[in-house]
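Remarks on the overall topology
Listed below, chain by chain, are the residues.
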Amino acid sequence: MDIFFAFVIKEAKHILRDKRTMLILFGMPVVLMLLFGFAITTDVKNVRTVVVCSEMSPRTQQAVERLSQSEYFIITQTVNTPHEAEQLIRNQKADMALVFAQNHGVQIMVDGCDPNMAQQWTTYAQQTLAPANSSLFTLHSSLLYNPQMRSAYNFVPAIMGMLLMLICAMMTSISIVREKERDTMEVLLVSPVKPLMVIIAKAVPYLVMAFAILITILLMARFVLEVPLAGSLFWIIIVSLIYILLALSLGLLISNVAQTQLVALLLSAMVLLMPVVMLSGMLFPIESMPAVLQWISAVVPPRYYIQAMRKLMIMGVGIREVAQEVAILSGMTILLLTVALKKFKQRLE
């Protein structure tokens, strides 16, 4: 066990003094700027809308028809009370609700976890209803979960998903490939420590680093950015640990494929960085993407982690409401870890 901890300490010291590692960390903002320059469009499309009315009058029917004929909104269903509509939004089965009152007033309820998209949805809805609303209805908007429209509510979970994935997966893969590139991996493998323990020892510092980053982000979100942690802190940490293990498994898998640090870096950039920014829902709504990109985003792990964090942190839901995301992340972790360890064992043989 002393030898194992010696490996861990050796790797931790190497991380702090490795110039290439520092170059990757400082070069990352440049890559992100390039990605942001060629980002996917943020046009509003296919906003899932719920209509709330106890009785469908001709005026209400006219307004609903105008909305449904628009390319921006999809009327998913009609309910009787605003509480039912809020529950649908809470369960991520709707994005917006139109509450038609008997006094010809209309209230727009929008999921405000992403304030930018919420503002766009509200604006588009008002513009679409304006011709029919000129003398029929009075519009009132209500933002759920983020009434102040603060962008921090949206980007804090997204930043968590991006940093944890990049640090764990990219840096782990480069660390292991570096040993192969310098022909020191064979020396490590013939040491008294088992090969699997060597790999675990190299991953432990990145696990600790990722957990420290997670705690730092949560503390800054709560006390600096004043983002409320509405959900259970215990489940936020548990889901994050599952995601960190997934990222470490992905880094190990990349290290089995790459032979040099440059190849590992390029693979990590193509497999991790671009999908995380472009296809995870971090910045752009998945519903607005072409169908092909929506299918590809279904295999991007950060998509489910960011969704889970937005529900747990901002909406304050319980673990049952994120059970689907947790199940998908757990399944991906088991699959990636099994494949990575199997390939690593084959390389040893």
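Since this is a predicted model, take the numbers as computed values, not measurements.

**Comments concerning the overall build of the chain**
Of the regular secondary structure elements, the chain holds 13 helices and five strands. Counting across all 349 residues of the chain, residues that qualify as buried make up 48%. When contacts within the chain are restricted to residue pairs at least 6 apart in sequence, long-range pairs at least 24 apart make up 78% of them.

**Concerning the pairing of strand S2 (residues 73-79)**
If a strand is regular, its side chains alternate between the two faces of the sheet. Examined bridge by bridge, strand S1 (residues 47-52) and S2 share six bridges and lie parallel to one another. Across the sheet, the residue bridging to Val50 is Gln77, located in S2. Note on the crossover from S1 through helix H3 (residues 58-69) to S2: the handedness is right-handed.

**A look at the environment of Ile167**
Positionally, Ile167 belongs in helix H6 (residues 152-181). Taking C-alpha positions, Ile167 is 8.3 Å from Met209, a pair spaced 42 residues apart along the chain. Those residues in contact with Ile167 that sit more than four places away from it in its chain are Thr172, Tyr206, Met209 and Ile213.

**Some points on the packing of helix H9 (residues 233-257) against helix H10 (residues 261-279)**
Relative to each other, H9 and H10 sit at 135°, their axes nearing to 10 Å. Taken together, the axis directions place H9 and H10 in an arrangement best described as oblique. The chirality of how H9 crosses H10 is right-handed. Contact residues: Leu250, Ile254 and Val257 in H9; Ala264, Leu267, Ser268 and Leu272 in H10. Its residues assigned to classes, the contact of H9 with H10 shows six nonpolar, one polar and no charged.

**Considerations on the pattern of salt bridges**
Taken as a whole, this structure holds two salt bridges when the rule is applied. For Arg48, the salt bridge identified is with Asp95, shortest N-O distance 2.9 Å. With a gap of 47 residues between them, Arg48 in strand S1 and Asp95 in the loop between helix H4 (82-90) and strand S3 (96-100) connect regions that are remote in the sequence. For Asp95, a relative accessible area of 8% puts it in the buried group.

**A closer look at the side chain of Arg310**
Take Arg310: it is sitting in helix H12 (residues 301-315). Residues contacting Arg310, with those up to four places away along its chain left out, are Cys113, Asn154, Pro157, Ala158, Gly281, Met282 and Met315.

**Brief notes about H4**
Turning to H4, its buried residues number three or more, namely Ala85, Leu88 and Ile89. Relative to the axis of H4, the buried residues are bounded by an arc of 100° and lie together on one face.

**Re the packing of H9 against H12**
Where H9 contacts H12, the axes come no closer than 10 Å and their chain directions differ by 170°. In this view, H9 runs roughly antiparallel relative to H12, as classed from their interaxial angle. Contacts from Trp235, Ile236, Val239, Ser240, Tyr243 and Leu246 of H9 reach H12 at Pro301, Pro302, Tyr305, Ala308, Met309, Leu312 and Met313.

**Notes on unusual backbone geometry**
One non-glycine residue, Gln92, lies in the positive phi region at around 60°. Mapped onto the elements of the fold, Gln92 is located in the loop between H4 and S3.

**A word on H12**
The end-to-end C-alpha distance of H12 is 21 Å, a good match for the 21 Å that 15 residues give at a rise of 1.5 Å each. H12 sits mainly inside the fold: 14 of its 15 residues count as buried.

**Things to note about the nonpolar core**
Counting 78 residues, the largest nonpolar core has Met160, Met165, Val239, Tyr305, Met309, Met313 and Leu329 as the members making the most contacts within it. Per element, the largest residue contribution to this core is 15 residues, and it comes from H6. Sequence-distant contacts of Val239, that is, excluding residues within four places in its chain, are made with Tyr305, Ala308, Met309, Leu312, Ile319, Val326 and Leu329.

**Observations regarding the packing of aromatic side chains**
Under the definition given, this model contains four aromatic pairs. Judged by centre distance (4.6 Å) and plane angle (90°), the rings of Tyr72 and Tyr124 are edge-to-face. Taken as a pair, Tyr72 in the loop between H3 and S2 and Tyr124 in helix H5 (residues 115-133) lie far apart in primary sequence, 52 residues in all. Under the relative-accessibility criterion, Tyr124 is labelled partly exposed at 22%. Where Phe234 meets Trp235, the ring centres are 5.1 Å apart and the plane angle is 75°; that geometry is what we call edge-to-face. Judged by its relative accessible area of 32%, Trp235 is partly exposed. Among the aromatic side chains, those forming a connected cluster through ring pairs are Tyr72, Phe73 and Tyr124. Residue placement shows Arg222 over the ring face of Phe223; its charged tip is 5.7 Å from the ring centre.

Each value, and the rule that gives it
- Residues numbered from 1 in each chain as written.
- Predicted model: local features only at pLDDT ≥ 70, side-chain atom pairs only at ≥ 80, totals over all residues.
- Heavy atoms only, no water.
- Helix = DSSP H or I, 4+ residues; strand = E, 2+ residues; numbered from the N terminus.
- Buried < 20%, exposed > 50% of the residue type's maximum accessible area, 1.4 Å probe, protein only.
- Contact = heavy atoms within 4.5 Å.
- Pairing = 2+ DSSP bridges.
- Right-handed = clockwise from strand over helix to strand, strands pointing away.
- Axes fitted to C-alpha atoms, helices over the stretch in contact; angles between N-to-C directions.
- Parallel < 35°, antiparallel > 145°, perpendicular 65-115°, else oblique.
- Left-handed = near helix turned anticlockwise from the far one by under 90°.
- Nonpolar A, V, L, I, M, F, W, Y, C, P; charged D, E, K, R; others polar.
- Salt bridge = Lys/Arg side-chain N within 4 Å of Asp/Glu carboxyl O.
- Arc of directions from axis to C-beta.
- Expected span 1.5 Å × (residues − 1).
- Core = buried A, V, L, I, M, F, W, Y, C linked by side-chain atoms within 4.5 Å.
- Phe/Tyr/Trp six-rings, centres within 6.5 Å; stacked < 30°, edge-to-face > 60°.
- Lys NZ or Arg CZ within 6 Å of the ring centre and 35° of its normal.

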